[in-house]
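# Analysis of the macromolecular model
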Amino acid sequence: NINWNMVKQSHHPIEFVFIRATMGDDRKDYRFKQNWREAKRIGVIRGAYHYYDPNENSTKQANNFIVSVKLEKGDLPPVLDIETHSKYGKENLLKGLKNWIKIVEKHYGVKPIIYSTRGFYYSYVRKQFKDYPVWVASYTSKNRIRKIDWAFHQFSCKIRVKGIRGGVDGNDFNGKKEELQKPTIK
């Protein structure tokens, strides 16, 4: 439950937000539509992400996201969040990720952003998805991600923001504020 008017007044400069939309092949975040609408109302750049379940059908997961998220001009590209291993092995996981990306990229006409931890980046993303923007989670110094060509960096999960109870994820964009418009939907 977010008080978006207070978020805009936070002492942290909130210039963009990523909002979870869907999880797996059929789960939806029940507050997504409200938070999606409110983020636009207060004027922050918004992005939607899908939490990928490596043990569920990737086509159904892509369709779950597509049915749930209507991207508009000025929104960030869709995000695929992968941070858990598959019980079916690495090759099956990579096949599913590539399928999800292919379906979502075709639907929206933009390359999705891939979110992963630093470890997942090195194990799965680095060699397989070289042409895709990366959002990497690494709660240590930026020195630990200097060899990663990242677009976004999640540096904490304990940021305090007015209007939100508890800690939230803190993220940097790898560029200047005016460059944040570049990857958005045209």
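Residues numbered from 1 in each chain as written. Predicted model: local features only at pLDDT ≥ 70, side-chain atom pairs only at ≥ 80, totals over all residues. Heavy atoms only, no water.

For the rest of this paragraph, the subject is the packing of aromatic side chains. Considering all chains together, one arrives at 13 aromatic pairs under this definition. Arranged with centres 5.3 Å apart and planes meeting at 50 degrees, the rings of Phe152 and Phe173 form a pair that is tilted. Placement of the pair is Phe152 in strand β7 (residues 152–159) and Phe173 in strand β8 (residues 168–173), with a sequence separation of 21 residues. Each member of the pair Phe152 and Phe173 is classed as buried. What links up through ring pairs into an aromatic cluster is the set Phe16, Phe18, Tyr49, Tyr115, Trp135, Phe152 and Phe173. Sitting over the ring of Tyr124, Lys90 keeps its end group 5.4 Å from the ring centre. The ring of Tyr132 has Lys111 lying over it, and the distance from NZ or CZ to the ring centre is 4.4 Å. (Phe/Tyr/Trp six-rings, centres within 6.5 Å; stacked < 30°, edge-to-face > 60°. Helix = DSSP H or I, 4+ residues; strand = E, 2+ residues; numbered from the N terminus. Buried < 20%, exposed > 50% of the residue type's maximum accessible area, 1.4 Å probe, protein only. Lys NZ or Arg CZ within 6 Å of the ring centre and 35° of its normal.)

Right, let's talk about the environment of Asn63 for a bit. Note on placement: Asn63 falls in helix α3 (residues 58–68). Between the alpha carbons of Asn63 and Tyr30 there is a distance of 17 Å; along the sequence they are 33 residues apart.

A word on the sheet that holds strand β6 (residues 134–137). Reading across from one edge, β2-β1-β3-β4-β5-β6-β7-β8 is the order of the eight strands in this open sheet, with mixed pairing throughout. Only two strands of the sheet have a single neighbouring strand rather than two, namely β2 (27–28) and β8. For β6 and β7, the ladder comprises three bridges, and the chain directions are parallel. What sits directly across from Trp135, in β7, is Phe152. Docked against the sheet, helix α4 (residues 90–108) engages β3 (45–51), β4 (79–81) and β5 (113–117), running at close to 160 degrees with respect to β4. (Pairing = 2+ DSSP bridges. Contact = heavy atoms within 4.5 Å. Axes fitted to C-alpha atoms, helices over the stretch in contact; angles between N-to-C directions.)

Remember that the coordinates give geometry; whether it matters functionally is a separate question.
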